[in-house]
Amino acid sequence: MDPGCRHLDQIRDVTPSAAGCEDCLAIGAAWVHLRMCLSCGHAGCCDDSPNRHATRHFEAKLHPLIRSLEPDEDWGWCYVDQVGVGL
Ligand SMILES: [Zn+2]
Ligand SMILES: [Zn+2]
Ligand SMILES: [Zn+2]
């Protein structure tokens with residue numbers, strides 16, 4: 001049986017830290033899709049974006065869970081377990 005994600009207790013009641021990728025906004029870069037850290041609300045860009053700030057946020061802070069901030073998407077993802085999580 002798939003054990004799934006072991007980090008759901010790290011999800012906090014957060015709101016996005018910015019209206020776009022906060023790190024791209026800071027450097028004037030463009031992004032493709034927006035993701036949000038479920039532990040701290042960091043808004044970062046997806047791996048299709050040039051700067052991959054969501055993944056870099058995980059690598060820097062070790063916050064394992066993100067969700068999509070795209071209006072038509074409601075999935076989450078755990079970087080550590082490499083599984084999707086229901087929200
Ligand atoms: Zn996990
Ligand atoms: Zn970015
Ligand atoms: Zn975070």
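What counts, and at which threshold
- Residues numbered from 1 in each chain as written.
- Chains lettered and ligands numbered in written order.
- Predicted model: local features only at pLDDT ≥ 70, side-chain atom pairs only at ≥ 80, totals over all residues.
- Core = buried A, V, L, I, M, F, W, Y, C linked by C-beta atoms within 7 Å.
- Buried ≥ 20, exposed ≤ 12 C-beta atoms within 10 Å, placed from the backbone.
- Helix = DSSP H or I, 4+ residues; strand = E, 2+ residues; numbered from the N terminus.
- Contact = placed C-beta atoms within 7 Å.
- Arc of directions from axis to C-beta.
- Pairing = 2+ DSSP bridges.
- Axes fitted to C-alpha atoms, helices over the stretch in contact; angles between N-to-C directions.

Attention shifts here to the nonpolar core. Of all hydrophobic cores here, the largest spans 17 residues; its most connected members are Cys21, Cys45 and Ile66. Taken together, the elements giving at least two residues each to this core come down to strand 1 (34-37), strand 2 (43-45), helix 2 (53-61), strand 3 (65-68) and strand 4 (76-78). For this core, the element with the most residues is strand 1, which contributes three residues. Once you skip the residues sitting within four places of it in the chain, Cys45 turns out to touch Cys21, Cys24, Trp31, Val32, His33, Leu34, Asn51, Arg52, His53 and Ala54.

When we look at burial in helix 2, the residues that qualify are His53, Ala54, His57 and Phe58. Angularly, the buried residues of helix 2 cover 150 degrees about the axis, an arc narrow enough to put them on a single face. Exposed side chains of helix 2 directed beyond 90 degrees from the buried face belong to Glu59 and Ala60. Elements that come into contact with the buried residues of helix 2 comprise helix 1 (22-27), strand 1, strand 2 and strand 3.

Right, let's talk about the sheet that holds strand 4 for a bit. Judged by pairing direction, the sheet is antiparallel, and its five strands sit side by side in the order 2-1-3-4-5 without closing on themselves. Each of the sheet's edge strands pairs with one partner strand only, and the pair in question is strand 2 and strand 5 (83-85). Geometrically, the sheet is characterised by an average inter-axis angle of 35 degrees between neighbouring strands, direction not taken into account. Sheet analysis places strand 1 next to strand 2, joined by three bridges and oriented antiparallel. If you follow Arg35 over to strand 2, its bridge partner there is Gly44. Sheet contacts for helix 2: strand 1, strand 2 and strand 3; angle to strand 2, the most-contacted strand, approximately 120 degrees.

The subject of this paragraph is unusual backbone geometry. Its identity is not glycine, yet Arg52 carries a phi of approximately 45 degrees, on the positive side. Within the secondary structure, Arg52 is located in the loop between strand 2 and helix 2. Classification of Arg52 as buried rests on a count of 20 C-beta atoms within 10 Å.

Here we come to the environment of Asn51. Mapped onto the secondary structure, Asn51 falls in the loop between strand 2 and helix 2. Considering only alpha carbons, one finds Asn51 and Ala26, 25 residues apart in sequence, at a separation of 12 Å.

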